[in-house]
Amino acid sequence: MAHRRRVTVESSSSSHSDADSGFSSASSHKTSPTFPAENSAPSSRKRKCESSDDDNDNNAKCSKRPRSQKDLNEEPSHPEHTQNSGETHLGEVQQVVITAIHAADLTLGLRRIPAGFHVVFKADGAEYQTSNKSVRIDQAVVEWHERILLPCEPSSKVRVNVYASFELGPMLCHGELLRTFEISVGELLNRSEKSHPIIFPPKQEEAISACTSLFMTLEQQLSDGNNTAVLCSLNTLAAGDMDALMLRTHAGHRLLTRYRRMQDSTDLDQSINHFEHALDICPMDHPCRPAALFNLATAKLINCQANKAYPDYDIPISLFQDALDLRSIGHPDRPVTQLHLAMALLSRFAKQGSQTDADAAKELLSEVLDVCHTNSHIHRAALLAVETSALHPAASIDANNHGQEWPAASMLPLSPNQLAHKAELCSRRDDPHALDEVISLHYDALRYYNAMHACRGQLLSNLSLLLSIRFQRRGNAEDLDQAIALQREALALHPVGHTNRSSSLNNLANHLSTRFDHRGNAGDLDQAIALRRETLALRPVGHPDRSMSLNNLANQLSTRFYHRGNPGDLDQAIALHGEALALCPVGHTDRSLPLNNLAVQLSIRFDRRGNAEDLDQAIALGREALALRSVGHTDRSSSLNNLAAQLSTRFDHRGDAKDLDQAIALHREALALRPVGHIYRSPSLSNLAYQLSTRFYHRGNPGDLDQAIALHGEALALCPVGHPGRSGSLGNLANQLSIRFHHRGNAEDLDQAVALGREALALLPVGHTDRPKSLNNLAIQLSTRFEHQGSAEDLDQAIALQREALAFPPVGHTDRSMSLHNLAKQLSTRFDHRGNAEDLDESRENLCCALTLLTQHDPRRLMVHRSLATVYLLFHRSGLDGTGGPGEDTDSLNAAMHHFKAAANFVPGGLLSRLQASLRWVRDADQHRHSTELEAYGTSMQLMDAHMSATASVSSRHSAMKDFPSTLAVDAASCALRSGDVCRAVELLEQGRTIIWTQMTRLRTPLDTLQTHSDHAAALMKRFRDLSSLLDRPPASHANHAQSVDVEAADVRYRCLVEDWNGVVEEVRQIEGFSRFLLPPVFADLQEAARDGPIIVLIASESSCDAIIITHTQPPTSIQLPTNFAKLTTLVLELREATGKDASPKGNQTALIKALRKLWDDVVCPVVEDLGGFAPRGSRIWWCPTSLFNFLPLHAAGEYRPNGKSLSQQYISSYTPSLTALTRARRSHDRSPSVSFAAIGQNLPAGASFTLHCVEPELDLVRSLLPPSPTVFFTKITSVDATKLRALRALQDNTWLHFSCHGTQNFDDPFKSAFLMRDQPLSLLDITQMDISRHEFAFLSACETAVGDFATPDEVIHLAAGLQFVGVKSVVGTLWKVTDATVQRLVEAFYRNLCRDGKMNSRRAARALHQAVFSLVHDKENPLPLDQRIVFIHIGA
């Protein structure tokens, strides 16, 4: 299955920082990179484009403050102050006079065309206003040469206000306040003397603000009373209503200004309200009435443009017309009024399509152009309106399209700095509307600033970058082409020798490279490299941006290498990155960038050449880069992504699970740094999904696959139709759905995968770099569908697609091996269905070639070995590759088994894949009775054990066991028996059964004897105990809503502990006498279990059913039983049904008797006949059943007729789940002369529908039958006291136990089988977590305490077996439901026999139970039903 891994190669465009992304603005001498971008190709790039810096950049940041709608007071400006060197003394001077005022950048940031600007001074209650001066476009500084008298005291304060006015004629109010501040006369004198201007930072919430500096020239003179304007009260209007008129107008301007900045519609509504009140109180004949009309009209027009759904342009047009009527020809404010009226008419024309409006507007604009200076803002706005109107003829206007809007040419375009700021914001967030708006504003600005304007190059470059962003987000090819055209124009404005030529070269190279990535035109890539080389030549050694240019050229060469395979390009790229890194030594702020890029290129070279040093160095560099990008660093997510990709590559080639787990953790952190709305969230989702899918392939956790599909689904949702990343997301989701189909068989998943694969391929034209992967993936999906639906068309198309995919990677390319493998699989499939020998020959040839292309440690070799094995089996079956006929070619069969063995033993392939390969080896070796069959079984069980040990919880292990053959161990034993090796059969059974219990008991293995060997041995013993203790702890329980990353981290920690534990075990085996420490036991050790009596191991497999009799000193004996697997299955079902039926009126249970007779005839009788020579009559024997035998009451087998034979007449039966468990149960401990006995009873557990009335009497009966103290210290816990916690304490503190309660067997999760207590169940899992290794006996007077799980019968998971495995030597349990009457009578008979001499010995339990049942059988007065007489069994010693 082909997947793609993302690697991010970063390009910088500043020697200062590779993290900043910005657009050029008008006051920077250094370039700023733009946004990074990640693509879906394997060698994808994260580029940073440079922006031109024709002028200087002001990158001041703005902050926000809370505001209310009532807050109309202007926030004072805070100029930068210089320190006063001392007081200014005026001596005999009588006057201080301002002689000149210079204000810079007065139009910066304004959105309305001002009529003029003026300054107002206030001091000591007096006020003076300068003249109102208009400003041209090319005028950066406004000067006033007016003499203004100030107070003579140096400490006197002067309030200075700078205004933009909107009238040149009679002024209704000052207009829009640009700056306001208070300063002392003394400081003004000091600044004048030292030529220090007052510098203003941007206002709050603004990137830039009008009036960046103010400088005043002051003189000191003796008073002569001439030529000086004295500060005095300003008398423009009368008092009363005129004061209110001024206040209302001023408030309207303030709110309208704030609305333009904040876009709060409440501000606009209140502004209109103030202007309406102002107009109401302004007399009809007052000279300021035109201004009042104009102000209201302006606000109304803005409201219409904001309310696009229902604009009413009639009102502003009428108001503008009234204002124009009052401003006759020659009036200084007539042109601006005409301009606004024309714009209102054009807006109405755009909505309604009336040609009369358009004609009237053109006439008004023509008059404006005739009377205004060509460099005035009004002239430029009118010219823009005329040009724009030519683009919208009447025929193109849709009167019903409310989305059309006429450009507000009456507004000043945003300054280049403002545009750069907006562009920067758009690059950082994915807001389609904002991006479209800022692009439109750039186009407006380009029309406004002609070809000779100094800002044009900057605007062209930034617009080019914005179009490139929009292309990356939406995939419109026209945007990319336009971006390249604009960048070429910007480059033309920067000829050889221009300071910004290198930036333009770099940006054009970026765009061409992007176009190559999406269209595959080699000319674009070659031209991009040529531009990169020219850029580098312009940045010689010592240039601050040389490192960035080295990185960019290196990245481009790497791209060309990926597509053409010229190793020189890759080597040169690595050399360039190395030089870039040398320019950023340790401590350099930009060191992380070349570290990252060099790491990526070394990783790529490893992919091509397989030099392990390259990959290890790449990871080391990646770790260093990540360390330099701590939490909070803007590029941390990229470093996380890249290091994860490199670790994943190392996992692919070496199979170290730690690398995969760490890669997933890094990808999760990267994704967390890219929340919803982040432009790289989609690739991060895909990267994490890919790694989870990889882990699913190697470990089989279905949660990983489901999560991968969900992540790919989210990634696809972020790539709508037209998005350049959509094809990759479609392909990724298709792959995962196909994998899920393989594991769950839902046909909808497969059909959807094929549909998504077709859509993905359709988006990738011939020549596209990602087309081969898409071809490969769709071919695999079609081949899979053929296998399940049989359409020959699917298979033929899959092969055709795979051939096309194979034509792309050059010889030696890393992807070629998998293309060869996939084509080979499909060809072998077609041969299997059509028999064309050429297909099979080509398949083998391709696989052999693929194997040679893979390095010795590449995990994919396992996959190729498996496929080769399949092909050789096809040769064997067809007879095409040998001298014999079909099925006679042993060479091909041997080759197939060789490749299966190679796959199973290939360590880098991962445990799960090796286990699956070994099981396939088992299947085919068994089918062909190949000589490697027994070896295959042994390998499979060893891998099964290792695979299960890496799973944290016992419940998870049990769930995982269900995915594998439940009869593996018994089939292996049958294989050994066929070969005549009975001892080996016993060893395989012990190795392959009760795996979960075995792994649990390993962690509790005592190692006290190690302590006497050496200090090293003692240290190993301590390390073993510590690790075992950590592994034996129950895993933390995670709620359903717990973060998957928390669960995942816990799993990773557990696997690391397992790895460390395995290492310690290997060290222990190096010590003399411990070479077989915790290895599967050999038969000589297992035979020790039979020292007290023979053990009968029953084997049920599809091939045969056998019994093995194991004695303490003689070789084992095998008996082939006269039954088979199908008959046993029927017998199990019959017995289950029979035990559930009530006895007939005569007390007979005919069906049960019939089943027990069959059990005697087919299973038990043949064994008993052979036992005579090993065990005397009346002695004990132990049954060790496997598979279906676990569900049969072997102890109850008999003829059930007068004078008939039965097992119970001849032997006392016990059971053991395994030979090792029985050996452990026989270990002797120091016995105390007295025993602690706990009787635990619960008559009404939580959720029970009825009361067990016999519980209290039963426990009292037990107490009465036990020896008194001090032989027995008796504890009884019942009723409300019998809670789970109290029961656990009693279980811990007492070595003899008697349970009387409800018992349940959970067949879905048998570790949840439980004794039901008053508050909550006491589960088998709870019991396994206790240390009860010194416990002697437990009597389980509850239902179904010895019933196993049908899905995994050889794990023997039930309450009785569980108690024995964790340490209880002897256990009595039940096979099915038991009645109160049975319990009462059997308990009494059992304890009477057990304690008949007043002593407590758990070894008597089996005999005591046997005698108790015997006494009940012969109780003719009160007979028990047969199913109740045989319900209890004994397990253990």
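How each quantity is defined
Residues numbered from 1 in each chain as written. Predicted model: local features only at pLDDT ≥ 70, side-chain atom pairs only at ≥ 80, totals over all residues. Heavy atoms only, no water. Helix = DSSP H or I, 4+ residues; strand = E, 2+ residues; numbered from the N terminus. Buried < 20%, exposed > 50% of the residue type's maximum accessible area, 1.4 Å probe, protein only. Contact = heavy atoms within 4.5 Å. Areas by Shrake-Rupley, 256 points an atom, 1.4 Å probe, with all protein chains shown as cover. Phe/Tyr/Trp six-rings, centres within 6.5 Å; stacked < 30°, edge-to-face > 60°. Lys NZ or Arg CZ within 6 Å of the ring centre and 35° of its normal. 1 Å grid on protein atoms, 1.4 Å probe; cavity = no way out; pocket = protein on both sides within 12 Å on 5 of 7 lines; lining within 4 Å. Points joined across faces, edges and corners; volume = space filled by probe spheres on them. Nonpolar A, V, L, I, M, F, W, Y, C, P; charged D, E, K, R; others polar. Expected span 1.5 Å × (residues − 1). Arc of directions from axis to C-beta. Pairing = 2+ DSSP bridges. Axes fitted to C-alpha atoms, helices over the stretch in contact; angles between N-to-C directions. pLDDT = per-residue confidence, 0-100. Core = buried A, V, L, I, M, F, W, Y, C linked by side-chain atoms within 4.5 Å. Salt bridge = Lys/Arg side-chain N within 4 Å of Asp/Glu carboxyl O. Parallel < 35°, antiparallel > 145°, perpendicular 65-115°, else oblique. Left-handed = near helix turned anticlockwise from the far one by under 90°. Polar contact = N/O pair within 3.5 Å; in protein donor to acceptor, adjacent residues only side chain to side chain.

### Describing the overall build of the chain
At step 1: Counting its secondary structure elements, the chain contains 50 helices and 26 strands.
At step 2: Here the chain holds 1437 residues, and the buried ones make up 58% of them.
At step 3: Excluding contacts between residues fewer than 6 apart, the proportion of contacts in the chain whose partners are at least 24 apart in sequence is 72%.
At step 4: Counting only carbon and sulfur atoms, one obtains 51% of the accessible surface of the chain, whose full area is about 57,200 Å².

### Digging into the packing of aromatic side chains
At step 1: Per the counting criterion, the structure on display carries 20 aromatic pairs.
At step 2: Here the aromatic rings of Phe181 and Phe200 are separated by 5.4 Å at their centres, their planes lie at 50 degrees, and the arrangement is tilted. With Phe181 in strand β9 (residues 176-184) and Phe200 in the loop between β10 (198-199) and β11 (213-221), this pair connects stretches of sequence that are 19 residues apart.
At step 3: Judged by its relative accessible area of 2%, Phe181 falls in the buried class.
At step 4: With relative accessibility at 5%, the residue Phe200 sits in the buried group.
At step 5: Feature note: the residues Phe1237, Phe1274, Trp1296, Phe1337, Phe1339, Phe1390, Tyr1391 and Phe1432 constitute an aromatic cluster, connected by ring pairs.
At step 6: When the ring centre of Phe875 is taken as origin, the NZ or CZ atom of Arg844, which lies over that ring, is 4.1 Å away.
At step 7: Seen from the ring of Trp1182, Arg1226 lies directly overhead, with NZ or CZ sitting 4.5 Å from the centre.

### What to know about empty space enclosed by the protein
At step 1: Within the structure shown, the criterion is met by nine cavities of 30 Å³ or more.
At step 2: Roughly 200 Å³ of internal volume is contained in the largest cavity.
At step 3: Along its surface, the largest cavity is lined by 18 residues, and Pro1185, Asn1190, Tyr1215, Ala1346 and His1358 are the ones closest to its centre.
At step 4: A breakdown of the residues in the lining of the largest cavity according to their chemical character gives 14 nonpolar, four polar and no charged.
At step 5: One number sums up the size of the second largest cavity: a volume of about 160 Å³.
At step 6: What lines the second largest cavity is a set of 14 residues, and nearest its centre among them are Met961, Pro965, Ser966, Gly992 and Glu1355.
At step 7: Residues of the lining of the second largest cavity, tallied by class, amount to nine nonpolar, three polar and two charged.

### Re helix α14 (residues 522-537)
In an α-helix, one turn spans 3.6 residues, which is why side chains three or four residues apart end up on the same side.
At step 1: The terminal C-alpha atoms of α14 lie 23 Å apart, and with 16 residues this matches the ideal 22 Å at 1.5 Å per residue to within 8%.
At step 2: Burial in α14 covers these residues: Asp524, Leu525, Ala528, Ile529, Leu531, Arg532, Thr535 and Leu536. Along α14, the residues classed as buried sweep out an arc of 165 degrees about the axis, all on the same side.
At step 3: Structurally, α14 contributes buried residues whose contacts are with α13 (501-519) and α15 (546-564).

### Some details on the sheet that holds strand β5 (residues 126-129)
At step 1: The four strands lie next to each other as β5-β4-β8-β9, forming an open sheet whose pairing is antiparallel. Looking at the sheet topology across the chains shown, the edges are occupied by β5 and β9. Each adjacent strand pair in this sheet contributes to an overall mean axis angle of 15 degrees, direction not counted.
At step 2: The pairing of strand β8 (residues 157-165) with β9 spans eight bridges and is classified as antiparallel. Within the sheet, the bridge partner assigned to Val158 lies in β9 and is Ile183.
At step 3: Set on the sheet, helix α1 (residues 185-194) makes contact with β8 and β9; between it and β9 the angle comes to about 95 degrees.

### Some details on unusual backbone geometry
At step 1: Pro1270 follows Ser1269 through a cis peptide bond whose omega is 10 degrees.
At step 2: Among the secondary structure elements, Pro1270 is positioned in the loop between α44 (1255-1265) and β19 (1272-1277).
At step 3: Here Ser195, not a glycine, exhibits a phi torsion of approximately 55 degrees, which is positive.
At step 4: Here Ser195 lies in the loop between α1 and β10.
At step 5: At Ser1279, a position not held by glycine, the phi torsion is positive, near 55 degrees.
At step 6: Looking at the secondary structure, you find Ser1279 in the loop between β19 and α45 (1284-1293).
At step 7: Judged by relative accessible area, Ser1279 falls into the partly exposed class, the value being 26%.

### So, the confidence of the model for the chain
At step 1: When pLDDT is averaged across the chain, the result is 83; 86% of the residues are at 70 or more.
At step 2: A low-confidence stretch, residues 80-92 stays under pLDDT 50, and its non-local contacts, those more than four residues away or across chains, total 21 contacts.
At step 3: Overall, residues 1038-1043 carries pLDDT values under 50, and its contacts beyond four positions in sequence, including any with other chains, amount to three contacts.

### Structural notes on the environment of Glu1072
At step 1: Here Glu1072 shows up in the loop between α38 (1044-1068) and α39 (1083-1086).
At step 2: For the pair Glu1072 and His1013, spaced 59 residues apart in sequence, the C-alpha to C-alpha distance is 9.0 Å.

### Description of the nonpolar core
At step 1: Counting 181 residues, the largest nonpolar core has Ile1095, Leu1098, Val1164, Trp1183, Phe1315, Phe1390 and Tyr1391 as the members making the most contacts within it.
At step 2: Per element, the largest residue contribution to this core is twelve residues, and it comes from helix α41 (residues 1150-1171).
At step 3: Once residues within four sequence positions are removed from consideration, Val1164 is found in contact with Leu1159, Trp1183, Leu1194, Ala1197 and Leu1207.
At step 4: Membership of the second largest hydrophobic core comes to 46 residues, among which are Ile113, Cys282, Phe320 and Leu341.

### With respect to the sheet that holds strand β22 (residues 1314-1316)
At step 1: Strand order in this open sheet of three strands is β21-β22-β23, and the pairing throughout is antiparallel. Of all strands in the sheet, those with a lone pairing partner are β21 (1303-1304) and β23 (1321-1323), marking the two edges.
At step 2: Strand direction decides the pairing type here: β22 and β23, joined by three bridges, are antiparallel. Each residue of the ladder has a partner; that of Ala1314, found in β23, is Ser1323.

### Some thoughts on the pattern of salt bridges
At step 1: On inspection of all chains with the given rule, the structure shows 69 salt bridges.
At step 2: For the salt bridge of Arg744 with Asp706, the shortest nitrogen-to-oxygen distance reads 2.9 Å. Taken together, the residues span a long stretch of sequence, with Arg744 in helix α23 (residues 726-744) and Asp706 in helix α22 (residues 702-717) at a distance of 38 residues.
At step 3: Three or more residues joined by partner-sharing salt bridges are found here, namely Asp436, Arg470, Arg474 and Asp479.

### Some remarks on the packing of helix α5 (residues 314-325) against helix α6 (residues 334-352)
At step 1: Interaxial distance between α5 and α6 falls to 9 Å at its minimum, and their mutual angle equals 160 degrees. The orientation of α5 with respect to α6, classified from their angle, is roughly antiparallel. Our pair here, α5 against α6, has a crossing hand that is left-handed. Residues Asp314, Ile317, Phe320, Gln321, Ala323 and Leu324 of α5 form the contact with α6, whose participating residues are Arg334, Thr337, Gln338, His340, Leu341, Ala344, Leu345 and Arg348.
At step 2: Grouping the constituent residues of the contact of α5 with α6 by class yields seven nonpolar, four polar and three charged.

### Here's the deal with the packing of helix α21 (residues 681-699) against α23
In a pair of packed helices, the angle between the axes and the distance between the axes together describe the arrangement.
At step 1: As a packed pair, α21 and α23 sit with axes 11 Å apart at the nearest point and diverge in direction by 25 degrees. In terms of their interaxial angle, α21 and α23 are classed as roughly parallel. Note on packing geometry: the crossing formed by α21 with α23 is left-handed. Contact with α21, carried on its side by Ser682, Ser686, Ser693 and Phe696, involves Ser729, Asn732, Gln736, Ile739 and His743 of α23 and no other residues of that element.
At step 2: Its residues assigned to classes, the contact of α21 with α23 comprises two nonpolar, seven polar and no charged.

### Observations regarding the environment of Gln999
At step 1: Summarising the element assignment, Gln999 is placed in helix α36 (residues 995-1002).
At step 2: On the basis of relative accessibility, which here comes to 5%, the residue Gln999 falls in the buried class.
At step 3: With 54 residues separating them along the chain, Gln999 and Asp945 place their C-alpha atoms 8.1 Å apart.
At step 4: Sequence-distant contacts of Gln999, defined by excluding residues within four places in its chain, comprise Asp945, Met948, Ser949 and Arg957.
At step 5: Within the local environment of Gln999, its side chain forms a polar contact with the backbone oxygen of Asp945, the two atoms lying 2.7 Å apart.

### Thoughts on the environment of Ala972
At step 1: You can see Ala972 is positioned in helix α34 (residues 968-978).
At step 2: Residues Ala972 and Val986, 14 residues apart in the sequence, show an inter-C-alpha distance of 9.7 Å.
At step 3: Not counting chain neighbours up to four residues away, the residues in contact with Ala972 comprise Leu934, Tyr937, Met941 and Leu988.

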